[in-house]
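# Geometric and topological summary
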Amino acid sequence: MTGFTNYEEMFSQSIGLKEPWKVDKAEFDEKRKEVHIYVRCRKTAKYPCPKCGKMCSRYDDEEKERVWRHGDVVFFPCYVHCRRPRIKCSDGIHVVTAPWARPNSRYTLLFESYAMLLMKSMPVENARKIMRISHTSMTGILKYWVKKAVKEDDLSKVRAICVDETSFKKGHSYVTVISDALARRVIDVEKGRDTDTVISFSNKLEKKGGCCNKITQYISDMSGAYMSARDECFPNAKQIIDKFHIKQMMLKAMDEVRREEQGKKQSRKRNAGKKLLMIPEAKQTEEQKTAIVTLSKKYPKTGRAYRMVQQIDDMYKCSDMSEAENIFDKLIRWLRRSRLEPMKKVASSLKSKKQEILNYFYYRMTNALAEGINSMIQSAKRRARGFRTFEGYACMIYLVVGKLNLSCPNPFS
Ligand SMILES: [Zn+2]
């Protein structure tokens, strides 16, 4: 069998080598099942100083050969070897940066790009197994490229923001996630869930080309911390309380009514109806509808609370504000007269934030766009599972729902 003879060219293109860098030789180590590529560079050429960029003459080579892992060759691990030249610049003697890797990485750029591509579409642990590197190395790659992209992110077009909290480490700590409601992407992840998190974001917004005064819509839950942060940071933004949180509040109160009515023993049973009652009307099957009717007859208080929850859905279906206000007022009266303590409590919370809730109808468009963000964050959370540090967790959220411009090269272009 005759082999192919232009393998030097193949490897050279694969690593992205240009004059004065050149593939010297390539070897297959049969015993260790590894491919090794040796790169050398022209001694008389000039190289850019890694500190200042000035073109300088070669001084000597680094003493020890350096090795980088590259993408597999026919499923065998592949390594690039080189003793990089050193240059003498006015600010000292420096090792030249290899064009195929970022400084201090033990992997080639394409290897890292491929790792990023995998992490975008599967859990880190799965991606790590395919790349066959340590968890630390894998997250090192993730953090480098994500942080770089976040730092360079352009926030000049942001006008509507969603501020939301989400738990981390099984509810032991919280993070605040801020998204661009129009672009439907996460633009900041902050540790904690207090006013300071939003203040910290507002500083980043200004640093990345955005403007606090240009924010016109501020969507959040009812928590005092987030709402007071709006007063402080975004003077021109209209406060909108997220539909998702209103629904959650109603569902929680309904469940309290159910537990009380069914009693401790019955309410904990699997068929007690907890999940059944939470299915949105539009998604119920005929069987589920019948089951809800039966349950409502047996537990009339729960049935009433259930119908109150449906009213909130009806309100959000309204196309204009006055129509929505009408339903809102009726609903509040109904809740207050219901003689169901949890529902009465919800009524007073809702009433105190009436305007902020109804502001939703000023900006239907934005809110419709923002709605998907919650589920996006949930999926990012699942993917970030296994990260023990805030930093890794945040990077995964950025990667999955940040729509970032990663500057690592595309391995398939
Ligand atoms: Zn220099």
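This one's a predicted model, so the numbers in the text were calculated from it and none came from an experiment.

Conventions adopted
Residues numbered from 1 in each chain as written. Predicted model: local features only at pLDDT ≥ 70, side-chain atom pairs only at ≥ 80, totals over all residues. Heavy atoms only, no water. Pairing = 2+ DSSP bridges. Helix = DSSP H or I, 4+ residues; strand = E, 2+ residues; numbered from the N terminus. Domains from an automatic or database assignment. Buried area = accessible area lost by both parts, 1.4 Å probe. Salt bridge = Lys/Arg side-chain N within 4 Å of Asp/Glu carboxyl O. 1 Å grid on protein atoms, 1.4 Å probe; cavity = no way out; pocket = protein on both sides within 12 Å on 5 of 7 lines; lining within 4 Å. Points joined across faces, edges and corners; volume = space filled by probe spheres on them. Nonpolar A, V, L, I, M, F, W, Y, C, P; charged D, E, K, R; others polar. Expected span 1.5 Å × (residues − 1). Buried < 20%, exposed > 50% of the residue type's maximum accessible area, 1.4 Å probe, protein only. Patch = residues over 30% accessible without salt bridge, like charges linked within 9 Å, V, L, I, M, F, W, Y side chains within 5 Å. Areas by Shrake-Rupley, 256 points an atom, 1.4 Å probe, with all protein chains shown as cover. Polar contact = N/O pair within 3.5 Å; in protein donor to acceptor, adjacent residues only side chain to side chain. Donors = N, O, S within 2.8 Å, 3.2 Å for Na, K, Ca; no water.

## A word on the pairing of strand 1 (residues 21-29)
As paired strands, strand 1 and strand 2 (residues 34-41) are joined by 8 bridges and run antiparallel to one another. The residue of strand 2 that forms the bridge with Trp21 is Cys41. The antiparallel pairing of strand 1 with strand 2 creates a hairpin that spans 4 residues between the two strands, and Lys33 there sits at a positive phi of about 55°.

## Section: the domain arrangement of the chain
In terms of domain boundaries, the chain breaks down into domain 1 (7-106), domain 2 (111-241 + 373-413) and domain 3 (243-352). One C-alpha centre belongs to domain 2, the other to domain 3; they are set 33 Å apart. Around 480 Å² of area is buried between domain 2 and domain 3 when both sides are counted, 67% of it from carbon and sulfur atoms. Contact with domain 3 buries area across many residues of domain 2, yet Met222, Ile241 and Asn374 alone supply 74% of it, more than any other trio. At the junction of domain 2 and domain 3, the tally comes to 0 salt bridges.

## Focus on empty space enclosed by the protein
Here the structure, examined in full by the defined rule, presents 1 cavity of 30 Å³ or more. Looking at the largest cavity, its volume works out to about 110 Å³. As for the largest cavity, its lining consists of 14 residues, of which Cys162, Ile219, Asp242, Ala370 and Asn374 are closest to the centre. For the lining of the largest cavity, the leading source of residues is helix 13 (residues 364-384), giving 6 residues. By residue class, the composition of the lining of the largest cavity is 7 nonpolar, 4 polar and 3 charged.

## Side note on helix 14 (residues 390-401)
Between its first and last C-alpha atoms helix 14 spans 16 Å; for 12 residues at 1.5 Å apiece the expected length is 16 Å, and the two agree. With respect to burial, helix 14 is a largely interior element, 10 of its 12 residues being buried. Buried within helix 14 are the following residues: Phe390, Gly392, Tyr393, Ala394, Cys395, Met396, Ile397, Tyr398, Leu399 and Val401.

## Details of a nonpolar patch on the surface
A surface patch of nonpolar side chains, amounting to about 390 Å² of accessible area, comprises Tyr114, Leu117, Ile130 and Phe412. Structurally, the position occupied by Ile130 is in helix 3 (residues 124-131). A relative accessible area of 40% places Ile130 in the partly exposed class.

## Quick look at the side chain of His36
Assignment of secondary structure puts His36 in strand 2. One polar contact links His36 to Glu34, side chain to side chain, over a distance of 2.9 Å.

## Looking at the coordination of the zinc ion
Around the zinc ion, the protein contributes the donor atoms Cys49 (SG), Cys52 (SG) and Cys89 (SG), which lie 2.3 Å from the metal centre. Coordination of the zinc ion draws on donor residues from a single chain, spaced C-x2-C-x36-C in sequence. You can see Cys52 sitting in the loop between strand 3 (46-48) and strand 4 (55-61) and its partner Cys89 sitting in strand 7 (residues 85-89), a full 37 residues away along the chain.

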